[in-house]
Amino acid sequence: GILMPVREMSIRFMKGAMYDDLLSIRVQLAEKPVTRMSFHYRTFNERGILLNTATIELMFVKSDSFRPVKCPEFLLERLPAWS
(Lines give C-alpha, C1' and ligand atoms only; values in the text may rest on other atoms or scores of the structure.)
Protein backbone atom coordinates (compact mmCIF):
# COMPACT_ATOMS: atom_id res chain seq x y z
CA GLY A 1 0.00 0.00 0.00
CA ILE A 2 3.01 2.32 -0.14
CA LEU A 3 4.72 3.73 -3.22
CA MET A 4 8.10 5.45 -3.46
CA PRO A 5 8.01 7.98 -6.32
CA VAL A 6 11.07 10.05 -7.17
CA ARG A 7 10.69 13.54 -5.69
CA GLU A 8 13.97 15.02 -6.84
CA MET A 9 17.06 13.91 -8.75
CA SER A 10 20.30 15.62 -9.66
CA ILE A 11 23.39 14.40 -11.49
CA ARG A 12 26.74 16.10 -11.92
CA PHE A 13 29.01 14.74 -14.66
CA MET A 14 32.75 15.30 -14.28
CA LYS A 15 34.25 12.87 -16.81
CA GLY A 16 32.93 10.48 -19.43
CA ALA A 17 33.10 6.70 -19.37
CA MET A 18 34.09 4.56 -22.34
CA TYR A 19 31.81 1.81 -23.65
CA ASP A 20 33.84 -1.08 -22.18
CA ASP A 21 34.89 0.59 -18.88
CA LEU A 22 34.28 -1.35 -15.71
CA LEU A 23 32.37 1.02 -13.41
CA SER A 24 31.88 1.01 -9.65
CA ILE A 25 28.88 2.76 -8.13
CA ARG A 26 28.95 3.61 -4.44
CA VAL A 27 25.63 4.37 -2.80
CA GLN A 28 25.11 5.94 0.60
CA LEU A 29 21.88 6.56 2.45
CA ALA A 30 22.05 10.27 3.32
CA GLU A 31 20.05 10.17 6.57
CA LYS A 32 17.50 8.17 8.49
CA PRO A 33 14.29 8.20 6.45
CA VAL A 34 11.12 9.76 7.82
CA THR A 35 8.77 10.66 4.96
CA ARG A 36 11.60 10.80 2.40
CA MET A 37 14.62 8.68 1.60
CA SER A 38 17.72 10.23 0.00
CA PHE A 39 20.59 8.39 -1.65
CA HIS A 40 23.97 9.77 -2.70
CA TYR A 41 25.73 8.02 -5.60
CA ARG A 42 29.33 8.23 -6.82
CA THR A 43 30.47 6.48 -10.00
CA PHE A 44 34.14 5.59 -10.55
CA ASN A 45 35.95 4.00 -13.46
CA GLU A 46 38.38 1.11 -12.97
CA ARG A 47 41.27 3.55 -12.42
CA GLY A 48 39.40 5.07 -9.45
CA ILE A 49 38.58 8.33 -11.23
CA LEU A 50 35.31 9.93 -10.13
CA LEU A 51 33.03 10.22 -13.17
CA ASN A 52 29.83 11.57 -11.65
CA THR A 53 27.86 12.19 -8.50
CA ALA A 54 24.11 11.98 -8.06
CA THR A 55 21.43 12.47 -5.44
CA ILE A 56 18.00 10.88 -5.61
CA GLU A 57 15.20 11.63 -3.15
CA LEU A 58 12.22 9.30 -2.89
CA MET A 59 8.99 9.90 -0.97
CA PHE A 60 6.75 7.47 0.85
CA VAL A 61 3.12 7.89 -0.25
CA LYS A 62 -0.07 5.88 0.15
CA SER A 63 -0.88 4.03 -3.07
CA ASP A 64 -4.58 4.91 -2.98
CA SER A 65 -4.34 8.64 -2.19
CA PHE A 66 -0.71 9.60 -2.95
CA ARG A 67 -0.61 11.33 0.45
CA PRO A 68 2.77 11.32 2.25
CA VAL A 69 3.28 8.74 4.99
CA LYS A 70 6.15 7.85 7.32
CA CYS A 71 8.74 5.28 6.35
CA PRO A 72 7.38 1.78 7.03
CA GLU A 73 8.70 0.17 10.20
CA PHE A 74 9.76 -3.01 8.37
CA LEU A 75 12.12 -0.91 6.22
CA LEU A 76 13.58 0.98 9.19
CA GLU A 77 14.35 -2.34 10.87
CA ARG A 78 16.50 -3.39 7.90
CA LEU A 79 18.56 -0.21 7.74
CA PRO A 80 21.80 0.36 9.65
CA ALA A 81 21.47 1.77 13.14
CA TRP A 82 21.41 5.58 13.33
CA SER A 83 22.96 7.42 16.22
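Scope of this entry: the structure provided in the associated data block. (Residues numbered from 1 in each chain as written. Predicted model: local features only at pLDDT ≥ 70, side-chain atom pairs only at ≥ 80, totals over all residues. Heavy atoms only, no water.)

## Some thoughts on the pattern of salt bridges
- Counted by the stated rule, this structure contains 3 salt bridges.
- Measuring nitrogen to oxygen at the nearest pair gives 2.7 Å for the salt bridge that ties Glu-57 to Arg-7. On the criterion of sequence distance, the pair formed by Glu-57 in strand E5 (residues 50-59) and Arg-7 in strand E2 (residues 6-13) is long-range, its members being 50 residues apart.
- The partly exposed category is assigned to Arg-7, whose relative accessible area is 39%.
- Arg-36 is paired through a salt bridge with Glu-57; the nearest N and O atoms lie 3.8 Å apart. One end of the pair, Arg-36, is in strand E4 (residues 36-44); the other, Glu-57, is in strand E5, and 21 residues separate them in sequence.
- According to the relative accessible area criterion, Arg-36 is partly exposed, its value standing at 38%.
- Owing to a relative accessible area of 14%, Glu-57 belongs among the buried residues under this scheme.
- Connected via shared salt-bridge partners are Arg-7, Glu-8, Arg-36 and Glu-57. (Salt bridge = Lys/Arg side-chain N within 4 Å of Asp/Glu carboxyl O. Helix = DSSP H or I, 4+ residues; strand = E, 2+ residues; numbered from the N terminus. Buried < 20%, exposed > 50% of the residue type's maximum accessible area, 1.4 Å probe, protein only.)

## Overview of the packing of aromatic side chains
- Here the structure, examined in full by the defined rule, presents 1 aromatic pair.
- Here Phe-39 and Tyr-41 contribute two aromatic rings whose centre-to-centre distance is 6.4 Å and whose plane-to-plane angle is 45°, an arrangement assigned as tilted.
- Residue placement shows Arg-26 over the ring face of Phe-44; its charged tip is 4.3 Å from the ring centre. (Phe/Tyr/Trp six-rings, centres within 6.5 Å; stacked < 30°, edge-to-face > 60°. Lys NZ or Arg CZ within 6 Å of the ring centre and 35° of its normal.)

## Side note on the side chain of Thr-43
- Along the polypeptide, Thr-43 turns up in strand E4.
- Among all residues touching Thr-43, those that are not within four sequence positions of it are Leu-23, Ser-24, Ile-25, Ile-49, Leu-50, Leu-51 and Asn-52. (Contact = heavy atoms within 4.5 Å.)

## Topic: the pairing of E5
- Of all 10 residues making up E5, 7 are buried, and the element is well covered by its neighbours.
- For E2 and E5, the ladder comprises 7 bridges, and the chain directions are antiparallel. Paired with Arg-12 across the two strands is Thr-53, which belongs to E5.
- Strand direction decides the pairing type here: E4 and E5, joined by 9 bridges, are antiparallel. When the sheet's bridge partners are listed, Arg-42 is paired in E5 with Thr-53. (Pairing = 2+ DSSP bridges.)

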